[in-house]
Number of protein chains: 2
Amino acid sequence: MPGIKEVAKQANVSIATVSRVLSKPESVAEETIKRVLEVIEDLNYQPNAAARQLRMSETTTILVVVPDITNTFFSDVLRGIEFVALENGYQVLLGDAGNNPEQEKGYLNILRQKKAAGMILLTAGIEANLVEEIAAQYPVVLACEYLEGVNVPTVSIDNVSSARKATEYLINLGHKRIGYISGPMNSVLGRDRLKGFYQAMAQYNVKVEPDLVQEGDFSYKSGFNMMLKLLAYSHTPTAVFAANDEMAFGAVNAIEEKGLTVPQDISVIGFDNIKFSSIFKPALTTISQPTFDIGTKAMELLIGLMTKQEMKKTQFILENKLVLRDSCYKCSR
Amino acid sequence: MPGIKEVAKQANVSIATVSRVLSKPESVAEETIKRVLEVIEDLNYQPNAAARQLRMSETTTILVVVPDITNTFFSDVLRGIEFVALENGYQVLLGDAGNNPEQEKGYLNILRQKKAAGMILLTAGIEANLVEEIAAQYPVVLACEYLEGVNVPTVSIDNVSSARKATEYLINLGHKRIGYISGPMNSVLGRDRLKGFYQAMAQYNVKVEPDLVQEGDFSYKSGFNMMLKLLAYSHTPTAVFAANDEMAFGAVNAIEEKGLTVPQDISVIGFDNIKFSSIFKPALTTISQPTFDIGTKAMELLIGLMTKQEMKKTQFILENKLVLRDSCYKCSR
DNA sequence: AATTGGATTGTAACCGCATTCAAATTTAGT
DNA sequence: ACTAAATTTGAATGCGGTTACAATCCAATT
């Protein structure tokens, strides 16, 4: 409620001095600082963000667009982002795209209206060229997802090689008939992980049964349904790789609903290592992404962009690891 | 990038006219509107939010403070909030308190700086009188949590009666030795649910074994550990009520680790009905909160407050229901 | 004693937009 | 054709800060 001039009056100085106490204290007399600070404390004065922003043409809020806030994978990344944002005096504006590209696109206006100084995209529903155009005008970083051929700062893991790693693990357990439940093919993530799967299969000379590769959409339900489909074939797989944990849960439950057990009858491996993966039974073997670190790194990158620091590197591939739990077992057939 | 005066120049009108086209088109000639709109389209002009906000002294962002973004219970509420926020032209600023009251308090400055027009608190880490003080100055609504004796608009469920309902269910299944894993006692939520438990036990004349009531902190780990503690007593309970689902998962897993099974040996009931409850095995019997509705209702309430509408009612108790799944069974001992 | 210069502080001009008030233009009425 | 009324438009002002620039003060220097 109190404005800068109220403070100025009570402290018997001009508004300029009050402003200086807050931003360039070294140019103000010791004693004056003390007096002003006291009044500020007294009145519980907080500078009006809009006025400051208008004058300085810079805000301290950044926008984060998430494909689905309900997925704990993203909320972990979000935590990382918020952590370093707060540490640096930024606030995060949340945009949940609800898996809808149109809605996602709507958030771009927040940037244009200067309501946010920069943006972190955890999604990839926007066309590459639009992203590129926006990134040319505003600080933007991509996290988790990335766009092919687009030179926007990015932090993610290597989805191809980690999917390869997971597949290799299955192969080394002796599995030959390996099913794959992919993410949506219109997402790079979905495509990359599938690519890794194919690469590993080729490398080890294991034949890919086309019927055993089904497209899901990263949801539990799709994992469940696709697994049912796989189980309907005469030759059921002995192992299944689901492109994310939620689908893996669906697969496991579908398998058990059919009276089979995981991992004795069929091994299942997931991707992401979300919070529930270790709680689920059987505890899910999966690829672990450093979610929190992806978040912190992305935010650090964005800060670099916003403060126009010289960036030596703008593409970050973080380490992932295979975490072994109880959902995979040696092939017995 | 383009400002209002750029538009004005290109459309051959004054900035006043441009402004009017955007806010009071009925006071501008048909033809002028068309011309201005064309230029706006052309230049991709977006009014500067800071300037507008400064002038109008109102912003369209609201603040939501969450105790823990990682808990899917809250992300569901958040979805509800965002849904109606977006529909009404508001953006949501996310504040993750990380279960830390200090951090939570820090978010209040966002209100004072006028960066947000209102606030929804999903937490209750701030002292009642501070909340009351803030609520007197700014639009604030409490969701999920509430504060005793504080007359701040609130939307939640009746935690006492729903805990009673869950307990009754256990009692009706024939259980006499019922354990309870509570939430932290410094939260109203934790206390209310415990109260409901006591009420039901008293009503049915079932003795409460003090040893079988343990305090957790709503985390999986605490559920696990407290259950281990319950299992260490000579007389183990035949049923356990955990004050939220995550702790219930912990309890189930602890029970199974000891070689017992749920629900045959021990029944477990949870609270919240988070996404994972139906995926978990055994599927968790639990109290379902209308998370999405809590969110939408809270946001509607807040909008009412911000637009200074006459409110006939500011306390909303939403319906909960007991959802029966596979983690409870008749008492066999 | 007059001059100089550093340290402090105040004055005033913006930042981009909404809005008041008066001017300009059009329409209507006689 | 001329005036009054209604409609449309523009110039000026202020929202609450920041900051360039000018003014003031006082000790140090000459």
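Quick notes on the rules
- Residues numbered from 1 in each chain as written.
- Chains lettered and ligands numbered in written order.
- Predicted model: local features only at pLDDT ≥ 70, side-chain atom pairs only at ≥ 80, totals over all residues.
- Heavy atoms only, no water.
- Near = heavy atom within 4 Å.
- Polar contact = N/O pair within 3.5 Å; in protein donor to acceptor, adjacent residues only side chain to side chain.
- Helix = DSSP H or I, 4+ residues; strand = E, 2+ residues; numbered from the N terminus.
- Nonpolar A, V, L, I, M, F, W, Y, C, P; charged D, E, K, R; others polar.
- Contact = heavy atoms within 4.5 Å.
- Buried area = accessible area lost by both parts, 1.4 Å probe.
- Salt bridge = Lys/Arg side-chain N within 4 Å of Asp/Glu carboxyl O.

Where an unreviewed UniProt entry is consulted, chain A appears under the name LacI family transcriptional regulator, with the organism given as Domibacillus iocasae.

I tried to follow the protein's contact with DNA strand C on my own but got confused; where do I start?
Every one of the 25 residues lining DNA strand C counts as a neighbour, but Arg20 and Thr32 of chain A together with Ile4, Ser19 and Arg55 of chain B are closest to it. Sugar plus phosphate: this is where 61% of the atoms of DNA strand C within 4 Å of the protein reside. At 2.4 Å, a side-chain N or O of Thr32 of chain A approaches a phosphate oxygen of DNA strand C. Between a phosphate oxygen of DNA strand C and a side-chain N or O atom of Arg52 of chain B, the distance comes to 3.1 Å. Mapped by element, the contributors of at least two residues to the surface near DNA strand C are α2 (15–23) and α4 (49–56) of chain A together with α1 (4–11), α2 (15–23) and α4 (49–56) of chain B. Looking at the surface near DNA strand C element by element, the count peaks at four residues for α4 of chain B. Classifying every residue of the surface near DNA strand C by side-chain character gives eleven nonpolar, eight polar and six charged.

Teacher, can you tell me more about the interface of chain B and chain A here?
Each partner contributes residues to the interface: chain B has 51 residues there, and chain A has 49 residues. With both chains or domains summed, chain B and chain A bury close to 4,300 Å², and 58% of this area falls on carbon and sulfur atoms. Counting across the chain B and chain A interface gives four salt bridges. Here Lys275 of chain A and Glu246 of chain B are joined by a salt bridge, their closest N and O atoms 2.9 Å apart. Connecting chain B to chain A are 25 residue pairs in polar contact (both at pLDDT 80 or more). Within the residue set of the side of chain B that touches chain A, elements represented by two or more residues are α4, α5 (72–87), β2 (91–96), α7 (108–112) and α12 (245–257) of chain B. Per element, the largest residue contribution to the side of chain B that touches chain A is seven residues, and it comes from α5 of chain B. Looking at the side of chain B that touches chain A, its residues break down into 23 nonpolar, 17 polar and eleven charged.

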